[in-house]
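Secondary and tertiary structure notes
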Amino acid sequence: MKTSQEKHKVEGEKQLEDQTKSKASRWLWLRRSPALLDALRRLFEPPKRLIEPYVKDSQVVADLGCGSGYCTLALAELVGSEGKVYAVDLDRKCIRALEKRANKSGYRNIEVHAVSAADVSFIKDRSVDFVLANGLLCSMADNRQSAVNEIKRILKSTGQAYLSLGFGLPLGFVGQAEWEKTLEEFRVEQGGSYKEKWAVVSLRKE
Ligand SMILES: C[S@@+](CC[C@H](N)C(=O)[O-])C[C@H]1O[C@@H](n2cnc3c(N)ncnc32)[C@H](O)[C@@H]1O
């Protein structure tokens, strides 16, 4: 019998294979390369500038589809030693690269998981102050609704999530109708148009 980790690994490898076949993959793979591309990206999209408005000291945050940790280390710095960062990515290589970077920089507040964001059951309900899903949904070949459900499950009632699409169709997997339907499940606080491809959202009040 397969353990849940093994199941995720098989599921993950299949999904990555699908991505590699898709048109999007060339670009998505590029976005996952660590050092050189990160240095270039820092010039246009410094990670701290993206997340600083939403993250405070001692908070619990989740970086879903964290890649090799472009924003994860900045999150770890912002929440400090009393806070915690869950870093989740399907790609084991990315997770290994992130672990190396975190160890090198001395961060002890990052918990890494090489699993799908579609099932983050190791994170308790209503326990997370901020979810970063930067370029996640557009990179998921399937199970996107499960990932959205997980974001809704783990967010505190006072929490916020930053959702963004690196690319729309056909380079990414999410078109305008799906993006708008996803946002309807939340309260949109900032952004939200398909043209902008990012939104800061919180839970709808029941
Ligand atoms: C465009 S990259 C963004 C990486 C990172 N958030 C950043 O801003 O640099 C998308 C990431 O999502 C990951 N990914 C794709 N499908 C996933 C899934 N089902 N669960 C978790 N991560 C996934 C990919 O491996 C990739 O690292």
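My aim in this report is to walk through the structure given alongside it, one point at a time. Source: prediction; values computed, not measured.

A few words on the overall build of the chain. For the chain, the count of helices and strands is eight helices and seven strands. Counting over 206 residues, the chain shows a buried share of 40%. Taking contacts inside the chain between residues at least 6 apart in sequence as the whole, the part at least 24 apart equals 70%.

The next thing to look at is the pairing of strand β6 (residues 186-191). Across five bridges, the pairing between β6 and strand β7 (residues 198-203) is antiparallel. If you follow Gly-191 over to β7, its bridge partner there is Ala-199. Linking β6 to β7, which pair antiparallel, is a turn of six residues; within it Gly-192 sits at a positive phi near 120 degrees.

This next bit is on helix α5 (residues 72-79). The buried count for α5 comes to seven of eight residues, which makes it a mostly enclosed element. Among the residues trailing α5, Gly-80 stands out with phi positive, at a value near 70 degrees.

Quick look at the nonpolar core now. Counting residues in each nonpolar core, the largest one holds 55 residues, and the members touching the most others are Val-61, Leu-75, Val-131 and Ala-133. Look past the residues within four positions of Val-61 in its chain and what remains in contact with it is Val-55, Leu-75, Val-79, Val-85, Val-128, Asp-129, Phe-130 and Leu-132.

Taken together, 23 residues lie near the ligand, and Gly-65, Gly-67, Tyr-70, Ala-117 and Gly-135 sit nearest. At three residues, the largest contribution of residues to the shell around the ligand is made by helix α2 (residues 25-32). When grouped by side-chain class, the residues that make up the shell around the ligand number eleven nonpolar, eight polar and four charged.

Our focus in this paragraph is the sheet that holds β7. The seven strands lie next to each other as β3-β2-β1-β4-β5-β7-β6, forming an open sheet whose pairing is mixed. Every other strand in the sheet has two partners, leaving β3 (110-113) and β6 as the edge strands with one partner each. Within this sheet the neighbouring strands show an average axis-to-axis angle of 20 degrees, counted without direction. In the sheet, strand β4 (residues 128-134) pairs with strand β5 (residues 155-164) via six bridges, with the strands oriented parallel. Note that in β5 the partner of Leu-132 across the bridge is Tyr-162. Sheet strands touched by α5: β1 (60-64), β2 (84-88), β3 and β4. Its angle to β2, the strand with the most contacts, is close to 165 degrees.

Quick notes on the rules
Within each chain, residue numbers correspond to sequence positions counted from 1 in written order. Residues qualify for local features only when their pLDDT is at least 70, as the model is predicted, and side-chain atom pairs are given and counted only at 80 or more; totals for whole chains, interfaces and linings, by contrast, use all residues. Only runs of H or I of at least four residues qualify as helices and only runs of E of at least two qualify as strands under DSSP, and these elements are numbered from the N terminus. Partly exposed residues are those whose C-beta has more than 12 but fewer than 20 other C-beta atoms within 10 Å; with 20 or more the residue is buried, with 12 or fewer it is exposed, and the C-beta atoms are placed from the backbone. Each residue gets a C-beta atom placed from its backbone, and two residues are in contact if those atoms lie within 7 Å. A pair of strands is labelled paired if DSSP reports no fewer than 2 bridges between them. Note on terminology: a nonpolar core is any set of buried Ala, Val, Leu, Ile, Met, Phe, Trp, Tyr and Cys residues joined through C-beta atoms within 7 Å. As a rule, any residue with its backbone-derived C-beta atom within 6 Å of a molecule or strand is reported as near that molecule or strand. Under this grouping Gly is polar, as are all residues other than the nonpolar Ala, Val, Leu, Ile, Met, Phe, Trp, Tyr, Cys and Pro and the charged Asp, Glu, Lys and Arg. Throughout, an axis means a line fitted to C-alpha atoms (over the contacting stretch in the case of helices), and angles, computed between N-to-C directions, take values from 0 to 180 degrees.

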